[in-house]
Amino acid sequence: MSERFHVKFIRENGDFELENPQAFKRLYFPLLNESGLISSITPDLKGDIKTGQHAFLTLPVSVEDLYLTKSSRNFWVLIDKKEAWSAAGISCLGNREQDRVKLRAGLLWHRVVRENKKLRIKAEITNFVPCSREQVEIMMVSLTNTSKKTMTLSPFFSLPLFCRSAENLRDHRNVTSMLNRVRTDKHGVVCKPVMLFNEAGHKLNHNYYFVHGYTGDGLAPLGFFPTIMEFLGETGDFERPEAVLKDKKPSSDFNQGEENAAAVRFRDVRLEKGASCRFVMIMGITDDEKKIHEWSGKFSTGVQADKALEHTKAFWQEYSKRIEFRTPDKVFNNWIKWVSVQPLLRKIAGNSFLPDFDYGKGGRGWRDLWQDLLALILVNPESVKESLEDNFEGVRVDGSNATVIGKRSGEFIADRNNVTRVWMDHGVWPFYTVLLYIHQTGDLSFLFRQQKYFKDMQTKRAREKDTVWKESDGRNLRTERNEVYSGTVVEHILVQHLVAFFNVGAHNNIRLEDADWNDGLDMANKKGESVAFTAFYYGNLSSLAGLLEKVKALLNITEIEIFEELKMLLDTLDRPVDYNLVEDKQTRLEEYLEKVKYRIKGVKIQIPLDSLVLDLKQKAGWMREHIRKNEWIKDKAGLEWFNGYYDNDGNRVEGDHHTTVRMTLTGQVFPIMFGIADKSQTERSFKAVMKYLWDKELNGLRLNTDFKDIQLNLGRAFSFAYGHKENGAFFSHMNVMMANALYHQDFIREGNMILSSIYRMWKNFNASRIYPGLPEYFNLKGRGYYHYLTGSASWYIFTMLTLVYGIRGELGDLILSPRLVREQFNKKGEAFGETVFAGKRIRVIYKNSALRDFPRYRIKKININGKDIICQNIHDASVRIERQELLKTACNDLNLILVTLD
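About the thresholds
- Residues numbered from 1 in each chain as written.
- Predicted model: local features only at pLDDT ≥ 70, side-chain atom pairs only at ≥ 80, totals over all residues.
- Heavy atoms only, no water.
- Helix = DSSP H or I, 4+ residues; strand = E, 2+ residues; numbered from the N terminus.
- Rg over C-alpha atoms; globule rule 2.2 N^0.38 Å.
- Buried < 20%, exposed > 50% of the residue type's maximum accessible area, 1.4 Å probe, protein only.
- Contact = heavy atoms within 4.5 Å.
- Lys, Arg positive; Asp, Glu negative; His and termini not counted.
- Charge placed at Lys NZ, Arg CZ, Asp CG, Glu CD.
- Salt bridge = Lys/Arg side-chain N within 4 Å of Asp/Glu carboxyl O.
- Pairing = 2+ DSSP bridges.
- Patch = residues over 30% accessible without salt bridge, like charges linked within 9 Å, V, L, I, M, F, W, Y side chains within 5 Å.
- Areas by Shrake-Rupley, 256 points an atom, 1.4 Å probe, with all protein chains shown as cover.
- Arc of directions from axis to C-beta.
- Axes fitted to C-alpha atoms, helices over the stretch in contact; angles between N-to-C directions.
- Parallel < 35°, antiparallel > 145°, perpendicular 65-115°, else oblique.
- Nonpolar A, V, L, I, M, F, W, Y, C, P; charged D, E, K, R; others polar.
- Phe/Tyr/Trp six-rings, centres within 6.5 Å; stacked < 30°, edge-to-face > 60°.
- Lys NZ or Arg CZ within 6 Å of the ring centre and 35° of its normal.
- Expected span 1.5 Å × (residues − 1).
- Left-handed = near helix turned anticlockwise from the far one by under 90°.
- Core = buried A, V, L, I, M, F, W, Y, C linked by side-chain atoms within 4.5 Å.

(A) Highlighting the overall build of the protein chain. In terms of regular secondary structure, the protein chain is built from 21 helices and 52 strands. Taken over the C-alpha trace, the protein chain has a radius of gyration of 29 Å; the compact-globule value for 902 residues is 29 Å, and the two agree within 12%. Its C-alpha atoms give the protein chain principal-axis dimensions of roughly 90 × 70 × 60 Å. Expressed as a percentage of the 902 residues in the protein chain, the buried residues total 64%. Of all intrachain contacts in the protein chain linking residues separated by at least 6 positions in sequence, the fraction that spans at least 24 positions is 70%. Taking the average place of the 129 positive charges on the side chains of the protein chain and the average place of its 116 negative ones, the gap between the two points comes to 5 Å.

(B) Broad picture of the pattern of salt bridges. Enumeration according to the criterion identifies 75 salt bridges in this entry. Taking the shortest distance from any N to any O, the salt bridge between Glu 324 and Arg 326 comes out at 3.8 Å. Take Glu 324: its relative accessible area is 8%, and that puts it in the buried class. Two residues, Arg 880 and Glu 810, come together in a salt bridge whose shortest N-O distance is 2.6 Å.

(C) Just the sheet that holds strand 44 (residues 807–810), in detail. If you trace the four strands from one edge of the open sheet to the other, you get 44-45-51-50, paired in antiparallel fashion. The open sheet has two edge strands with one neighbour each: strand 44 and strand 50 (874–875). With four bridges connecting them, strand 44 and strand 45 (residues 813–816) associate as antiparallel partners. Among the inter-strand pairings, Ile 807 is bridged to a residue of strand 45, identified as Leu 816.

(D) Broad picture of the sheet that holds strand 43 (residues 784–787). Pairing within the open sheet is antiparallel, and its three strands lie in the order 41-42-43. Each edge of the open sheet is held by one strand with a lone partner, namely strand 41 (730–731) and strand 43. The pairing of strand 41 with strand 42 (residues 775–778) spans two bridges and is classified as antiparallel. Residue Phe 731 lies in a different strand from strand 42, and its bridge partner there is Tyr 777.

(E) Summary view of a nonpolar patch on the surface. Together, Met 523, Ile 710 and Leu 712 give the surface a local cluster of nonpolar side chains, amounting to about 280 Å² of exposed area. Examined against the element boundaries, Leu 712 turns out to sit in the loop between strand 40 (700–701) and strand 41. Leu 712 sits in the exposed class, given a relative accessible area of 56%.

(F) Spatial organisation of helix 5 (residues 289–298). Those residues of helix 5 that sit buried are Ile 292, Trp 295 and Ser 296. Taken end-on, helix 5 shows its buried residues confined to a sector of 95°, consistent with a single buried face.

(G) Summary view of the packing of helix 11 (residues 489–502) against helix 13 (residues 582–595). Axis separation between helix 11 and helix 13 bottoms out at 8 Å; the angle between their running directions is 135°. For the element pair helix 11 / helix 13, the angle class is oblique. Side by side, helix 11 and helix 13 meet where Val 495, Val 499, Phe 501 and Phe 502 of the first sit next to Lys 585, Gln 586, Arg 588, Leu 589 and Tyr 592 of the second. Classifying every residue of the contact of helix 11 with helix 13 by side-chain character gives six nonpolar, one polar and two charged.

(H) Quick look at the environment of Tyr 214. Mapped onto the elements of the fold, Tyr 214 is located in strand 18 (residues 208–215). You can call Tyr 214 buried: its relative accessible area is 4%. A C-alpha to C-alpha distance of 8.5 Å links Tyr 214 and Ile 282, two positions 68 residues apart in sequence. Among residues more than four places away in sequence, those in contact with Tyr 214 are His 187, Leu 219, Phe 266, Phe 279, Val 280, Ile 282, Ser 296, Gly 297 and Ser 300.

(I) Region of the structure containing the packing of aromatic side chains. Enumeration over the complete set of coordinates arrives at 56 aromatic pairs. On the basis of an interplanar angle of 80° and a centroid distance of 6.3 Å, the ring pair of Tyr 432 and Phe 798 is categorised as edge-to-face. Taken as a pair, Tyr 432 in helix 10 (residues 428–441) and Phe 798 in helix 20 (residues 792–804) lie far apart in primary sequence, 366 residues in all. The ring of Phe 162 carries the charged tip of Arg 164 above its face, separated from the ring centre by 4.3 Å. The ring of Tyr 786 carries the charged tip of Lys 725 above its face, separated from the ring centre by 4.6 Å.

(J) How the structure looks around the environment of Ala 88. Along the chain, Ala 88 turns up in the loop between strand 8 (83–86) and strand 9 (99–106). Given the relative accessible area of 1%, Ala 88 is considered buried. Taking the C-alpha atoms as reference points, Ala 88 and Ala 123, 35 residues apart in sequence, are found 8.6 Å from one another. Not counting residues within four places of it along the chain, the set of residues in contact with Ala 88 comprises Pro 43, Asp 44, Leu 45, Ser 72, Arg 73, Asn 74, Phe 75 and Arg 114.

(K) How the structure looks around helix 10. Spanning 14 residues, helix 10 covers 21 Å between terminal C-alpha atoms, matching the ideal 20 Å at 1.5 Å per step. Positive backbone phi, approximately 80°, marks Gly 442, located one or two places after helix 10.

(L) Inspection of the packing of helix 15 (residues 666–673) against helix 17 (residues 732–744) at higher detail. Orientation of helix 15 relative to helix 17, taken along the N-to-C sense of each, is 30°, at an axis distance of 8 Å. With respect to helix 17, the axis of helix 15 lies roughly parallel. Relative to helix 17, the crossing made by helix 15 is left-handed. Residue-level contacts link Thr 666, Gln 668, Val 669, Phe 670, Ile 672 and Met 673 of helix 15 to Met 734, Met 737, Met 738, Asn 740, Ala 741, Leu 742 and His 744 of helix 17. Of the residues that constitute the contact of helix 15 with helix 17, the class distribution is nine nonpolar, four polar and no charged.

(M) Region of interest: the environment of Ala 262. Tracing the backbone shows Ala 262 in strand 20 (residues 260–265). By relative accessible area, which is 0% here, Ala 262 ends up buried. A sequence separation of 432 residues divides Ala 262 from Trp 694, and the C-alpha atoms of the two residues are 51 Å apart. The contacts of Ala 262, once residues within four sequence positions are left out, are Phe 157, Ser 158, Leu 159, Leu 161, Val 189 and Val 211.

(N) Highlighting the nonpolar core. Tyr 592, Phe 670 and Tyr 796 are the most contacted members of the largest nonpolar core, which totals 267 residues. With near-sequence residues (within four places) excluded, Tyr 796 lies in contact with Phe 332, Trp 335, Ile 336, Val 339, Val 736, Leu 755, Ser 756, Ile 758, Tyr 759 and Leu 774.

(O) Looking closely at unusual backbone geometry. Of the consecutive residues Phe 854 and Pro 855, the connecting peptide bond is found in the cis state with omega at 10°. Within the secondary structure, Pro 855 is located in the loop between strand 47 (840–847) and strand 48 (859–864). Look at Asp 80: it is not a glycine, yet its phi comes out positive at around 50°. Tracing the chain through its elements places Asp 80 in the loop between strand 7 (74–79) and strand 8. A positive phi angle, near 65°, is found at Asn 482, a position not held by glycine. Position of Asn 482 among the secondary structure elements: in the loop between strand 29 (464–465) and strand 30 (486–488).

Take a look at the structure:
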């Protein structure tokens with residue numbers, strides 16, 4: 001593929017352009033807003049428009065459909081009543097070969113400029129979803145006569161409509177078309193199916209699906225073709241519709257109960273040479289009929305649409321500036337703007353509704369919810385405080401949790417596929433996220449907010465069913481007195497971690513159950529163990545103990561309230577358990593799970609805080625030493641690293657195996673991140689990672705080595721072709737976590753290499769073939785997959801801000817602790833990161849005039865808004881600025897903090 005194909009940033013705000021984008025058949029771009037209208041669009045205007053699984057305006061598409069389907073937002077012109085031309089490029093007519101195409105796009109708007117030299121006509125088509133919360137997509141079309149003579153254009157817009165649930169793509173598609181009731185009004189086509197078809201129980205439909213068309217001056221079209229057959233004719237298709245080729249006039253006579261189209265015929269336009277004409281298309285979904293004309297009227301002229309576009313651009317630009325970085329690499333500075341908005345995209349769309357994500361039905365999973373909050377907490381922790389509290393209502397008293405979060409706050413569902421599963425890693429994310437919130441705000445009192453527990457028929461970590469429970473009992477844990485029970489946030493956290501500690505397999509690591517972070521390790525629920533996430537639970541237990549010590553010191557709290565049954569898991573306070581004896585730990589857990597199987601007593605007891613801290617420290621210390629002693633392995637080549645897993649036969653997964661070496665990246669990340677690995681082990685583990693997981697051709701880290709065989713005793717992941725998804729792909733999420741772990745251990749060069757490798761894999765557009773941003777993974781050829789909706793974006797921003805630039809909170813105070821390498825400073829020796837802290841927008845400028853590399857610099861001086869600050873808490877390359885000092889000094893809209901390095 002020619003080098004001429006590359007994304008070129010044209011400003012410093014993330015705007016970019018791409019020549020001949022139609023050459024890449026799997027490219028797509030997201031358009032959405034916080035009201036829930038979600039669109040995807042391609043360079044030839046394919047894609048889909050929807051508000052949820054059961055409300056698709058257009059035909060649902062997966063990534064493979066993007067080059068197979070003929071369905072698009074097509075705009076046709078019949079020139080001088082002779083030659084038809086598609087401004088979208090969806091045409092089988094020979095003149096398409098004369099088109100020259102350029103894509104220009106930004107946060108979150110999409111423009112395709114298509115010019116045909118033979119026909120002497122140019123089209124500029126811009127699509128966006130307004131940030132003002134209307135559930136519409138707006139498409140602006142500008143046609144220009146580039147010839148030297150006057151031409152007459154007969155304009156048509158066509159969009160095949162679906163107007164129903166994605167389920168009906170394969171479930172009674174023809175039958176459900178008979179439910180359609182379509183009408184036309186002055187400006188367009190409105191379809192309201194009479195029913196939502198589902199043989200398990202039909203329901204009335206309340207959604208209106210509509211497409212309105214206007215000239216640039218707000219005038220109505222000539223008429224409409226509201227069914228597909230009317231527009232296409234018997235001999236036509238969407239690449240050569242009869243209505244266009246034969247210049248048909250619209251008719252008001254059409255049939256109901258058919259597949260519909262929003263095909264719009266505008267009045268003929270006479271264009272002088274060099275002149276242009278404009279059109280505005282508005283496509284939307286609403287359950288309120290009055291909104292159709294209210295929304296359409298708001299954007300019905302070119303001027304109104306232009307204003308909405310500028311407002312939308314400003315909204316996304318402002319959002320992207322909440323966290324910003326400036327390095328000498330201008331391409332990186334633009335690219336990371338796209339990464340910074342991805343957490344909000346996933347908050348809106350979940351894991352569904354873009355073409356790669358054809359498995360989703362809406363909503364977010366438990367793990368996704370907490371990780372997405374990491375980036376949001378960094379910029380506005382107060383805005384997510386309520387969500388954090390509500391989310392704890394999804395915790396079950398057996399330490400598991402609801403696996404899918406509904407649209408409403410505090411709404412939880414057992415599983416999107418009604419398949420009972422327990423992911424053993426789910427307990428680590430809530431505390432890890434809360435810990436960040438507390439450090440950013442200093443709000444230790446959050447730990448003592450009250451919240452309910454989730455309850456459904458799943459009990460004893462989904463190993464048994466509560467046959468007594470029924471839906472009418474509600475979805476909250478009750479006491480023996482039938483009262484809904486509430487406990488503190490810290491009690492919920494203790495439940496999740498104490499249950500996990502005792503829930504061990506034969507090798508005394510926490511059981512894998514139905515999977516951990518790697519969903520593909522889903523076939524080892526009997527004897528499988530996750531050493532990797534045992535290390536994460538260790539890290540949390542250690543941090544929780546330290547945090548509770550701060551609670552005593554700062555809040556003068558000496559006792560913690562818990563429900564009575566939980567005390568048996570604080571065994572050092574009750575009946576001590578020998579942690580080396582697997583059976584004793586399992587027995588204690590079974591005793592607890594049996595007591596809370598249906599309900600709890602509802603009796604609360606007070607636990608001395610000092611005793612609780614000591615218990616947690618003893619558990620954490622045992623876990624650290626256990627992993628260091630028992631899971632550090634060496635292969636025949638003399639390389640050493642941590643084993644990450646045991647399979648369903650109880651066998652160790654990693655190490656030498658017949659003719660190959662088996663290794664996982666995940667198994668190294670968390671022992672390094674949380675300090676189980678000492679410096680020597682970190683160095684040796686990283687050496688093994690580079691030997692077995694680093695791809696020298698693509699310069700990136702694979703998730704695992706090639707195990708060669710399918711692993712029916714471990715998980716489906718190893719049935720994927722090697723290099724795809726969870727089987728050896730360049731998985732962005734775990735790559736970023738590995739970088740994060742290395743920064744924690746001050747392996748700065750190594751961490752920077754991994755973060756840079758992800759960016760450079762995207763930058764190689766001839767391989768990645770995706771727009772700016774971070775995909776879930778790159779395959780063995782370097783192509784990006786599952787773009788935009790990935791938790792790795794939150795972790796990338798989180799790592800860059802808090803570790804690379806070292807701008808983070810610690811119990812509400814501001815910590816500045818840069819770990820920047822020489823090349824991240826510009827020629828003047830400056831690098832800056834911008835964010836919001838304590839409600840103040842701050843720009844931290846690190847001045848390294850000597851261009852020293854870490855760790856050869858230290859902090860010499862701090863200046864805030866031109867005023868030198870005397871800090872008693874400077875330690876080499878780290879300084880602590882007390883929150884009150886910052887609030888007193890940072891009084892501007894943008895507060896400049898100059899940190900002089902020496």
